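# Overview (structure and organization)
Here's the letter readout for the chains.
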Amino acid sequence: MTEKKGRVFSGARPTGRQHLGNYLGAIKNYVALQGDYRTVYCVVDIHALTTVETTRELALNTQEMTLDWLAAGIDPEKSIIFVQSHVPEVMELHTILSMVTPLGKLTALPTFKEKVRDNPDNVNYGLVGYPVLMSADILLYKADLVPVGTDQIPHLEFAREVVRSFNHRYETNILVEPQAKVTQIPKVVGIDGERKMSKSLDNHIELAATPEETEKRIMSMVTDPQRMRRDDPGNPDVCNVFSLHKIFSSEEEVEEINRECRKAGIGCVDCKRKLAANLNQHLVPFRAKREELSRDPNIVRDVLEDGAKRAKVIASETMSEVREAIGFYGARE
Ligand code: SF4
């Protein structure tokens with residue numbers, strides 16, 4: 001067996017059943033990385049508390065998201081898959097790291113300003129400390145690499161600064177500066193043809209939807225807004241249906257649509273039907289696996305329990321080193 005290259009950490013909020021945007025933006029990459037790296041994937045349920053209005057669906061969303069991860073090919077034999085709150089050491093590290101993080105730095109972050117704009121009535125303390133908790137996630141597991149899109153590089157730079165501050169303050173080198181593993185993450189636009197695919201905007205296509213539901217969603221997709229009638233030529237470059245064809249259809253089909261759309265040789269209805277057929281075909285193995293996994297009511301619980309045990313081994317070790325570096329009473333035996 002070839003030696004794995006280093007540890008990768010990534011976390012995602014429990015958002016329930018996953019959609020195409022989650023799949024293309026994260027899950028596919030998670031699956032690809034697990035062959036070469038020691039991968040740690042976390043359902044960050046504590047992060048979710050900063051903005052959710054109710055936790056009624058938190059457990060169910062964790063269950064459904066994990067099921068989708070497993071069905072899509074994240075393999076518990078190759079990756080540690082666990083829930084953030086099952087390894088509470090992350091909260092201890094969060095508190096400790098918050099002591100080496102200037103408040104001004106946190107409130108000046110564009111992501112904080114954005115969150116304040118989105119949740120003006122719920123600017124809680126946790127929201128300000130969000131990047132510190134995110135750093136704690138990464139640093140607790142001594143991740144060498146964190147998969148990020150180019151827009152997330154500043155978040156990682158923040159975690160690297162936290163490492164430098166901690167190591168400098170306590171004259172140690174136990175925390176590891178994580179590196180960005182920059183990945184080309186496609187921006188997946190929702191069926192409205194305008195905004196990023198998102199469950200909250202109800203413009204998404206769920207991976208676990210039935211073929212009929214998937215076709216229905218695709219048939220309602222917004223296409224080239226200038227193409228009003230069947231005999232108007234269209235412009236695939238501005239059409240989200242075409243963007244998805246480029247991912248799920250064969251090269252020949254993509255070429256054909258690109259050519260025919262421009263001279264009104266193909267109508268949008270047929271074009272969408274083709275996409276629905278190809279996407280449904282692509283999702284056959286995922287759906288079969290999900291169906292098989294769903295028959296075992298304990299599978300998700302077992303995978304997450306085992307993942308938490310394995311994650312805890314790493315977390316406990318890091319926290320012993322952290323406590324020792326700080327010099328807490330009894331930490332230096
Ligand atoms: Fe979009 Fe296809 Fe219609 Fe062209 S034919 S505008 S690519 S849906």
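Residues numbered from 1 in each chain as written. Predicted model: local features only at pLDDT ≥ 70, side-chain atom pairs only at ≥ 80, totals over all residues. Heavy atoms only, no water.

The next point concerns helix α1 (residues 20–33). Taking 1.5 Å per residue as the helical rise, α1 with its 14 residues ought to reach 20 Å, and the 19 Å between its terminal C-alpha atoms agrees with that figure. Considering bend angle alone, the principal kink of α1 is centred on A26 and spans about 40°. In terms of residue burial, α1 counts as a mostly covered element, since 10 of its 14 residues are buried. Considered for burial, the residues of α1 that qualify are L20, G21, N22, Y23, L24, G25, I27, N29, Y30 and L33. (Helix = DSSP H or I, 4+ residues; strand = E, 2+ residues; numbered from the N terminus. Expected span 1.5 Å × (residues − 1). Bend = angle between axes of the 7 residues up to and from the residue. Buried < 20%, exposed > 50% of the residue type's maximum accessible area, 1.4 Å probe, protein only.)

Mapped onto the fold, N29 is located in helix α1. A distance of 3.4 Å separates a polar atom in the side chain of N29 from a polar atom in the side chain of T183. Leaving out residues up to four positions away in the same chain, N29 has contacts with Y41, P147 and T183. (Polar contact = N/O pair within 3.5 Å; in protein donor to acceptor, adjacent residues only side chain to side chain. Contact = heavy atoms within 4.5 Å.)

Inspection of every chain in the model, using the stated rule, returns one cavity of 30 Å³ or more. What the largest cavity holds in volume is close to 90 Å³. Forming the walls of the largest cavity are T223, D224, R227, P236, C239, V241, F242, I257, C261, C268, C271 and K272. Mapped onto the lining of the largest cavity, the elements with two or more residues apiece are α11 (240–248), α12 (251–262) and α13 (268–282). The residue makeup of the lining of the largest cavity, split by class, is eight nonpolar, one polar and three charged. (1 Å grid on protein atoms, 1.4 Å probe; cavity = no way out; pocket = protein on both sides within 12 Å on 5 of 7 lines; lining within 4 Å. Points joined across faces, edges and corners; volume = space filled by probe spheres on them. Nonpolar A, V, L, I, M, F, W, Y, C, P; charged D, E, K, R; others polar.)

Bringing the pattern of salt bridges into the picture now. Inspection of every chain in the model, using the stated rule, returns 24 salt bridges. Close ionic contact of R323 with E92 constitutes a salt bridge, the shortest N to O distance being 2.8 Å. Within this pair, whereas R323 is found in helix α15 (residues 299–326), its partner E92 is found in helix α4 (residues 89–98), the two being separated by 231 residues in sequence. For the salt bridge of E161 with K105, the shortest nitrogen-to-oxygen distance reads 2.9 Å. With a gap of 56 residues between them, E161 in helix α9 (residues 153–169) and K105 in helix α5 (residues 103–107) connect regions that are remote in the sequence. A residue is classified by how much of its surface remains accessible, and E161, at 25% relative accessible area, is partly exposed. Using a relative accessible area of 37% as the deciding quantity, one classes K105 as partly exposed. Here the salt bridges share partners, and the residues they tie into one network are R17, E64, D68, E206 and R290. (Salt bridge = Lys/Arg side-chain N within 4 Å of Asp/Glu carboxyl O.)

Take the layout of surface pockets next. Its boundaries defined by the atoms lining it, the second largest pocket holds a volume of some 210 Å³. Residue lining of the second largest pocket: H94, T95, S98, T101, L103, L106, Y125, G126, V128, G129 and V132, and that is the complete set. When residues of the lining of the second largest pocket are traced back to their parent elements, those giving at least two are α4, α5 and α7 (125–128). Class assignment for the residues of the lining of the second largest pocket results in five nonpolar, six polar and no charged.

In the region of the ligand, the neighbouring residues are T223, D224, R227, C239, V241, F242, I257, C261, C268 and C271. Here the ligand occupies the largest cavity. Secondary-structure elements contributing two or more residues to the shell around the ligand are α11, α12 and α13. Of the residues contributing to the shell around the ligand, the split by class is seven nonpolar, one polar and two charged. (Near = heavy atom within 4 Å. Sits in = over half its atoms within 2 Å of the grid points.)

On to the domain arrangement of the chain. Entries for the chain in the domain assignment read domain 1 (7–188 + 297–326) and domain 2 (211–286). Here domain 1 and domain 2 have C-alpha centroids that lie 36 Å from each other. In this assembly, six residues from domain 1 lie in contact with six residues from domain 2. Interface area, domain 1 with domain 2, both sides summed: about 560 Å², of which 82% is carbon and sulfur. Applying the counting rule to domain 1 against domain 2 returns zero salt bridges. At the surface where domain 1 touches domain 2, the tally comes to one residue pair in polar contact (both at pLDDT 80 or more). (Domains from an automatic or database assignment. Buried area = accessible area lost by both parts, 1.4 Å probe.)

Helix length check: helix α3 (residues 58–72) (15 residues) gives 21 Å between terminal C-alpha atoms against 21 Å at 1.5 Å per residue, within 8%. The element α3 is largely enclosed, with a buried count of 12 among its 15 residues. For α3, the set of buried residues is L58, N61, T62, E64, M65, T66, L67, D68, W69, L70, A71 and A72.

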